[in-house]
Amino acid sequence: MEIREILKKHNFRFNKALGQNFITDVNLLNAIADDAEVGKEDIAVEIGTGAGTLTRVLADKARHVYTFEVDRSLKPVLDETLADKDNVTVVFSDVLKMRDEEIENIVSGPFKVVANLPYYITTPVLTRFLESSLPVTEMTLLMQKEVAERLTAKSGTAEYGAITVGVEAFSDAVVTRTVGRSNFFPVPKVDSALLRLAVNKNKYKIADEKFFRKTVKCAFLWRRKTLASECNFDSMIRGEKLSVKEFVLLSSVIRKYLKK
Ligand code: SAM
């Protein structure tokens, strides 16, 4: 039975707030799984099972698929669409609210993340996995095209930001394909791109990851002149021109941002 018919049969209502834009085209789903380079030795972790269309394709390629879905109303749909797959574990849970230990208790050993992400959780998912100590080796994520461009932007461009540095510092990222909005059901307002990140925590010798991230965040606040304007400084002011009083003010504003 066609996916749309199965959804209809179970009276499934799409929840816009959960970014539910599903993909049903098997050729596209296969291309996504191929770009993710998921093979018979691999454990795949999928975020957002939806109707299980990508899950099915991943199950045919991977050793095992652990797929996390926050919307329990999809259970009857998934019971049907994944009934013939014996290497799939569906976990009904919000992946962003799970602690590393909880994920490790379910998924043991190194894994590859593959997901057609709800747009609103792209950055949280990226940071959640890149900043964790979980043994994630690769992440292949379908996201809003403009976000993928920002994440792979070159320094000196308007798109280059703290999140670009965070991604580039701990992984090698490439856009493998763009996916037009008409490939999704229901059709979203934006086009997408597939970003593949090979995680490499030792790419640079960063002694203190947390401090590194805070430094980057602060530097970009400076670029956008947020710090200067909060301190009421001329945005062109240079360090050697600041009085002690101004340094005290600057330090308290930086402290406020670093605590965030
Ligand atoms: N993988 C399916 C596909 O490609 O057709 C569905 C993709 S759809 C863009 C995203 C899915 O993520 C939705 O089913 C949504 O309910 C689920 N989702 C949203 N937020 C989530 C979260 N925090 N944790 C787990 N799943 C989530």
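Structure: see above.
One structure accompanies this document, and this report is about it. (Residues numbered from 1 in each chain as written. Predicted model: local features only at pLDDT ≥ 70, side-chain atom pairs only at ≥ 80, totals over all residues. Heavy atoms only, no water.)

**Considering the overall build of the protein**
Selection criterion: Helix numbers and strand numbers start at the N terminus; a helix is a DSSP run of H or I with at least 4 residues, a strand a run of E with at least 2. Each residue is assigned to one of three classes by its accessible area relative to the maximum for its type, calculated with a 1.4 Å probe on protein chains only: buried under 20%, partly exposed between the two thresholds, exposed over 50%. Should any heavy atoms of two residues lie within 4.5 Å, those residues are considered in contact. Accessible surface is estimated by sampling points in the Shrake-Rupley manner with a 1.4 Å probe; for residues, cover comes only from the protein chains shown. A residue counts as positive if it is Lys or Arg and as negative if it is Asp or Glu; His and the chain ends are not included. Where a charge lies is defined by one atom per residue type: Lys uses NZ, Arg uses CZ, Asp uses CG and Glu uses CD.
Counting its regular elements, the protein contains 11 helices and 9 strands. Each principal axis of the C-alpha atoms in the protein carries an extent, and together these give about 75 × 35 × 30 Å. Taking all 260 residues of the protein together, the buried fraction comes to 44%. Restricting to contacts in the protein with at least 6 residues of sequence separation, those with at least 24 account for 68%. Carbon and sulfur atoms form 52% of the exposed surface of the protein, whose accessible area is close to 14000 Å². Averaged over its 40 positive side-chain charges, the protein has a centre that lies 7 Å from the centre of its 35 negative ones.

**A word on the site of the ligand**
Which entries qualify depends on this criterion: We call a residue near a molecule or strand when any one of its heavy atoms sits within 4 Å of it. Polar contact is the term for a pair of N or O atoms within 3.5 Å; when the atoms are in protein, one must be able to donate a hydrogen and the other to accept it, and sequence-neighboring residues count only if both atoms are side-chain atoms.
Neighbouring the ligand are 23 residues, the closest being Ile 23, Gly 48, Glu 69, Asp 94 and Asn 116. Between the ligand and Gly 48, the relevant distance is 2.8 Å, taken from a nitrogen atom to a main-chain nitrogen or oxygen of the residue. Gly 50 is positioned with one of its backbone polar atoms (N or O) 3.4 Å from an oxygen atom of the ligand. Surface burial for the ligand is 99%, taken as the share of its 600 Å² of free accessible area covered by protein chains. Only strand 1 (22-23) and strand 3 (64-69) provide two or more residues apiece to the shell around the ligand.

**A short note on the nonpolar core**
Filter applied, for reference: To define a nonpolar core, start from buried Ala, Val, Leu, Ile, Met, Phe, Trp, Tyr and Cys residues and group those joined through side-chain atoms within 4.5 Å.
Ile 47, Phe 111, Val 113, Phe 129, Met 139 and Leu 141 are the most contacted members of the largest nonpolar core, which has 34 residues in total. Contributions of two or more residues to this core are made by strand 2 (43-47), strand 3, strand 5 (111-116), helix 6 (122-130), strand 6 (136-144), helix 7 (145-151), helix 8 (162-170) and strand 9 (192-199). Apart from residues lying up to four places away in sequence, Ile 47 is in contact with Phe 68, Val 95, Val 113, Val 114, Ala 115, Asn 116, Leu 117, Ile 121, Val 125 and Phe 129. Counting residues in hydrophobic clusters, the runner-up holds 31 residues, among them Ile 6, Ala 33, Val 38 and Leu 58.

**A word on the packing of aromatic side chains**
Convention followed: Under the pairing criterion, centres of Phe, Tyr and Trp rings, with the six-membered ring standing for Trp, must be within 6.5 Å; the plane angle then separates stacked pairs below 30 degrees from edge-to-face pairs above 60, leaving the rest tilted.
Applying the stated criterion across every chain, the model contains 7 aromatic pairs. Pairing Phe 12 with Phe 14 gives two aromatic rings, centres 5.2 Å apart and planes at 75°, and the pair type is edge-to-face. Owing to a relative accessible area of 10%, Phe 12 belongs among the buried residues under this scheme. Consider the rings of Phe 111 and Phe 129, whose centres lie 6.3 Å apart with planes at 85°: the pair is edge-to-face. Within this pair, whereas Phe 111 is found in strand 5, its partner Phe 129 is found in helix 6, the two being separated by 18 residues in sequence. Taking the relative accessible area as the measure of exposure, Phe 111 reaches 2% and is therefore buried.

**Thoughts on the pattern of salt bridges**
Short version of the rule: The salt bridge criterion pairs a side-chain nitrogen of Lys or Arg with a carboxyl oxygen of Asp or Glu, the two atoms within 4 Å.
Per the counting criterion, the structure on display carries 22 salt bridges. Its salt-bridge partner being Arg 56, residue Asp 84 comes within 2.8 Å of it at the nearest N-O pair. In this pair, Asp 84 is assigned in the loop between helix 4 (75-81) and strand 4 (88-92) and Arg 56 in helix 3 (residues 53-61), connecting sequence segments 28 residues apart. Given the relative accessible area of 52%, Asp 84 is considered exposed. One salt bridge in this structure joins Lys 85 and Asp 60, with 2.8 Å as the shortest N-O distance. On the criterion of sequence distance, the pair formed by Lys 85 in the loop between helix 4 and strand 4 and Asp 60 in helix 3 is long-range, its members being 25 residues apart. A relative accessible area of 16% means that Lys 85 is categorised as buried. Note on Asp 60: relative accessible area 48%, which makes it partly exposed. If you follow the salt bridges from partner to partner, you end up with Glu 37, Asp 42, Lys 112, Glu 138 and Arg 196 in one network.

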